[in-house]
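The residues making up each chain are set out below.
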Amino acid sequence: MKIVIVGDGKVGYKLAKCLSEGLYDVVLIDSNEKKLRTAIDRLDIFCVPGDGVSAEIQMQADVPHADLVIACTSTDECNMLICLIARRLGARHTIARVRNPVYYHQIEILKKDLHLSMAVNPDLIVAGDITRMILFPDASKIETFVKGRVELAEIMLGANSKLIGCTLAQVYSKYQIKLLVCVVEHQGKILIPDGEYVLHQGDKLYITGSHKDMKRFFKLLGEYREKIRRVMLCGGGRMSYYLAKQLLALKIQVKIIERDEGRCEHLCEMLPEVTVIHGDATDHDLLMEEGIQETDALIALTGMDEENIIMSLFAKGQNVPKVITKVNEDRRAEMVKGVGIDSIVSPKSATADTILSYVKARHNSQRSTNIETLYQLVDEKVEAMEFIVRSATPYTNIPLKDLELRPNNIIACIARKNQIIIPNGEDMIQAGDSVIVITLEQQIHNLEDILEQEYRNEL
C-alpha cells in the first residue's frame, strides 16, 4: 500500500514513523529540507522536498499511483487543495486535516466537492476525549469503542486502593462486575495479566467494560468522584471552543481564560453562556481570583506545553480534583508523568490514531474482518483495536478456549447487538460482532493475526 504524507510536522512525522514500521510504502513531502533529512536518517521512508500543493512535486512523489494521500500541513486551505490536486492526479483516497470550525461545520459539502475520503479535526477529537474524562473523572484517560458503548479506562492504583494485594481473580470474584483488566503497567514493565496477577500500589491498569459497569465498580471501591460541575479552561483556542460546546450541553459551568483580547470577544459572541476572562492563565493571582480553589476541573489548553504543565502543577497544588493537560511533545509528556500529572491529551496522537484506524481499515477492506477503531497506549507499546466481523470465518462459532492465541494478545470484549460481553472461554465470536483486541504486538492487521500460525493453518 503506497501512502504519501504531506507535512513533516508532529502529526506527519508520527504517521510516517508508525506506517513505515508496518507493511506500507511511505513517501513524505515537506518544504523544510532539514526536517526531511532528520526523517530520512531515522525512518525507512522516501522524502521529496518541496511544496505539497505543487502538482509537479506531487508527481515526483508518485501521487498518481498512491493508494492514499494524507495532507497534514498547518493550514486547512493547503490541506484541502493538496487533496483536490492529488485526486485529480489519480490518488485513490485522500485525508485532510481540517481544524477551522467554519470549515468543519460544512465538512460534508467540502468532502463531496473535494472528493475527500476523510477529514480529521484534531481539536474536536481531543475535546471529545476530555469530555469523557470529565464524565468519568476517576480515569486518567478514556477511549471508546462500539460507538461509545464500550470504554477502555486508564487508572492508577493509589496508596489507599482496596485492590492492592488482591489477585485479579479475587477482584473479579468479589465484585462480580463485567470488567476486564486487559493491560497492566508495573514498574515500567507492560503485561497482559492473568487471574493470578497480584495488584500493587502504583500499577497502571487498563480496564474494559461499559460505562455503567465502570461507574458501579468505582462506587463499590469507595473511590467514585462526584460529578464535575465547574470547569476552568486555560486557553481560548479552537479546542477550548469545541470543548466548551460539549460541556455546556452537559449542563456544566464553563469559564475560559484567554490572553488575546480579540479572541475573548470572539468567544463571547460564539459562546454567550460561557464566562470569558481576558488575562494570562499562568498568573497564579488571576487563577486564585477566578476561583481555582472552588473549581472541579482545570484543563490547560494553551499552545505552549510548558505553560500547560506549569498551570497544571499549580492546580494540583491547589487540590483541584481533576486536572487535564494538553502536551504535544512526547518527551515532555514523559517528563510530567512522574510529577503527579496523570491526565494528558495530545492532538498529535489523537489525529494519528484516527488516521491509522482508517489506513488499517483500507488495508483490510477485502477481508472478512475490518478495523473500525484503533488506539495506541502506553507510549505506543500497546494497541487496542476494534474489529468488525462482517461474515462467518473459520474461527467464528468456536469457543474462545479452543482458539490458540499468540502470546501478548487478548480478546477484551465482544459487542453483539445490544449485548456487551466480557468473554470467558465458553464465549464465541459470531458474524456481525464487534471484537476488541488488546495487543503488545505492532503488526496486527486482521483478527486472525492474533491466532497462532499453526492453528491458522489447521483452520
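Use the structure listed above.
Asker: I'm lost on the overall build of the protein in this one. Help?
Answerer: Looking only at helices and strands, the protein features 16 helices and 22 strands. Relative to its length of 459 residues, the protein is compact, with a C-alpha radius of gyration of 23 Å against a globular reference of 23 Å. Projected onto the principal axes, the alpha-carbon positions of the protein cover approximately 60 × 60 × 40 Å. Counting the 459 residues in the protein, one finds 55% classified as buried. For the protein, the computed accessible surface area is about 20500 Å², with 48% contributed by carbon and sulfur atoms. In the protein, 55 positive and 65 negative side-chain charges are present, and the distance between their average locations comes to 4 Å.

Asker: In this structure, what is going on with unusual backbone geometry? I would like to understand it.
Answerer: Phi is mostly negative for residues that are not glycine, and the peptide bonds are mostly trans. One non-glycine residue, Lys251, lies in the positive phi region at around 65°. Examined against the element boundaries, Lys251 turns out to sit in the loop between helix H10 (238–249) and strand E13 (253–258). Assessed through its relative accessible area of 74%, Lys251 is described here as exposed. Non-glycine residue Lys417 carries a positive phi angle of around 55°.

Asker: Please explain the packing of aromatic side chains as it appears in this structure.
Answerer: Any aromatic ring pair is given by two values, namely how distant the centres are and how the planes are angled relative to each other. Under the counting rule described, the total for this entry stands at five aromatic pairs. Feature note: the residues Phe136, Tyr175, Phe217 and Phe218 constitute an aromatic cluster, connected by ring pairs.

Asker: Honestly, the pairing of strand E16 (residues 322–326) in this entry has me stumped. Any pointers?
Answerer: Looking down a regular strand, the side chains alternate between one sheet face and the other. Taken across its five residues, E16 has five buried, putting it largely inside the fold. What you see with E16 is no split at all: Lys322, Ile324 and Lys326 on one side and Val323 and Thr325 on the other are buried throughout. In this structure, strand E15 (residues 297–300) lies alongside E16, joined through four bridges in parallel fashion. Bridging from a neighbouring strand, Ala300 pairs with Thr325 of E16. Handedness of the E15-helix H13 (residues 305–317)-E16 crossover: right-handed. For E16 and strand E17 (residues 343–345), the ladder comprises three bridges, and the chain directions are parallel. Bridge pairing in E17 places Ile324 opposite Ser343.

Asker: Can you help me understand helix H15 (residues 347–363) in this one?
Answerer: Since the α-helix turns once every 3.6 residues, residues separated by three or four places project in the same direction. The end-to-end C-alpha distance of H15 is 24 Å, a good match for the 24 Å that 17 residues give at a rise of 1.5 Å each. Most of H15 sits inside the fold, with 13 of its 17 residues counted as buried.

Asker: Quick question: what am I supposed to make of the sheet that holds strand E9 (residues 180–186) here?
Answerer: Two strands in a sheet stick together by hydrogen bonds in their backbones, pointing the same way (parallel) or opposite ways (antiparallel). Taken in spatial order, the five strands line up as E7-E8-E11-E9-E10 in an open sheet, and their pairing is antiparallel. What marks the edges here is a single partner per strand, and that holds for strand E7 (141–145) and strand E10 (189–191). With strand direction ignored, the average angle separating the axes of adjacent strands in the sheet is 15°.

Asker: Help me understand the packing of helix H7 (residues 122–135) against H15, please; the structure alone is not making it clear to me.
Answerer: For any two helices packed against each other, one specifies the crossing angle of their axes together with the interaxial distance. The interhelical angle for the contact between H7 and H15, taken along N-to-C directions, is 100°, at an axis separation of 9 Å. Classed by the angle they form, the pair H7 and H15 counts as roughly perpendicular. Contact residues: Pro122, Ile125, Val126 and Asp129 in H7; Pro347, Ala350, Thr351 and Thr354 in H15. The class makeup of the residues in the contact of H7 with H15 is five nonpolar, two polar and one charged.

Asker: How should I be thinking about the packing of H7 against H10 in this particular structure?
Answerer: It is the contact of H7 with H10, at a shortest axis distance of 8 Å, that shows an interaxial angle of 45°. In terms of their interaxial angle, H7 and H10 are classed as oblique. By crossing handedness, the relation of H7 to H10 is classed as right-handed. Contacts between H7 and H10 involve Asp123, Leu124, Val126, Ala127, Gly128, Ile130, Thr131 and Ile134 on the former and, on the latter, Arg238, Met239, Tyr242, Leu243, Gln246 and Leu247.

Asker: How should the pattern of salt bridges be read in this particular structure?
Answerer: Where side chains of opposite charge bring their charged atoms close, a pairing between them can arise. One pass over the full model with this rule turns up 18 salt bridges. As a salt-bridge pair, Glu154 and Lys204 come within 3.7 Å of each other at their nearest N and O atoms. Taken together, the residues Glu154 in strand E8 (residues 150–156) and Lys204 in strand E11 (residues 204–209) connect sequence positions 50 residues apart. A single burial state applies to Glu154 and to Lys204, both of which are buried. Notably, a salt bridge pairs Lys401 with Glu426, separated by 2.9 Å at the nearest N-O pair. With Lys401 in the loop between strand E19 (382–389) and strand E20 (409–416) and Glu426 in the loop between strand E21 (419–421) and strand E22 (434–439), this pair connects stretches of sequence that are 25 residues apart.

Asker: It is not clear to me how the sheet that holds strand E6 (residues 118–120) should be interpreted in this structure. Could you clarify?
Answerer: A sheet is described by the order of its strands in space; here six strands give the open sequence E3-E2-E1-E4-E5-E6, paired in parallel fashion. In this open sheet, the two edge strands, each paired with only one partner strand, are strand E3 (46–49) and E6. Each strand of the sheet is rotated relative to its neighbour by a mean of 15°, with strand direction disregarded. Bridging between strand E1 (residues 2–6) and strand E4 (residues 68–71) involves four bridges; their strand directions are parallel. Following the sheet pairing, Val6 is matched in E4 by Ala71.

Asker: What should I look at first to understand the pairing of E7 in this one?
Answerer: Buried residues dominate E7, accounting for four of its five residues. Bridge analysis of E7 against E8 gives five bridges, and the strand direction is antiparallel. In the strand pairing of E8, Thr144 is matched with Glu151. Taken together, E7 and the strand that follows it, E8, pair antiparallel across an intervening segment of four residues, in which Val146 is found at a positive phi of about 50°.

Asker: Would you explain the nonpolar core in this entry?
Answerer: In terms of nonpolar packing, the biggest core is built from 55 residues, with Val4, Val69, Ile130, Ile134, Val231 and Ile299 touching the most fellow members. With seven residues, the top contributor of residues to this core is H10. When sequence neighbours within four positions are dropped, the list of residues in contact with Val4 reads Val27, Ile29, Ala61, Val63, Ala66, Leu68, Val69 and Ile70.

Reading guide: rules and limits
- Residues numbered from 1 in each chain as written.
- Predicted model: local features only at pLDDT ≥ 70, side-chain atom pairs only at ≥ 80, totals over all residues.
- Heavy atoms only, no water.
- Helix = DSSP H or I, 4+ residues; strand = E, 2+ residues; numbered from the N terminus.
- Rg over C-alpha atoms; globule rule 2.2 N^0.38 Å.
- Buried < 20%, exposed > 50% of the residue type's maximum accessible area, 1.4 Å probe, protein only.
- Areas by Shrake-Rupley, 256 points an atom, 1.4 Å probe, with all protein chains shown as cover.
- Lys, Arg positive; Asp, Glu negative; His and termini not counted.
- Charge placed at Lys NZ, Arg CZ, Asp CG, Glu CD.
- Phe/Tyr/Trp six-rings, centres within 6.5 Å; stacked < 30°, edge-to-face > 60°.
- Pairing = 2+ DSSP bridges.
- Right-handed = clockwise from strand over helix to strand, strands pointing away.
- Expected span 1.5 Å × (residues − 1).
- Axes fitted to C-alpha atoms, helices over the stretch in contact; angles between N-to-C directions.
- Parallel < 35°, antiparallel > 145°, perpendicular 65-115°, else oblique.
- Contact = heavy atoms within 4.5 Å.
- Nonpolar A, V, L, I, M, F, W, Y, C, P; charged D, E, K, R; others polar.
- Left-handed = near helix turned anticlockwise from the far one by under 90°.
- Salt bridge = Lys/Arg side-chain N within 4 Å of Asp/Glu carboxyl O.
- Core = buried A, V, L, I, M, F, W, Y, C linked by side-chain atoms within 4.5 Å.

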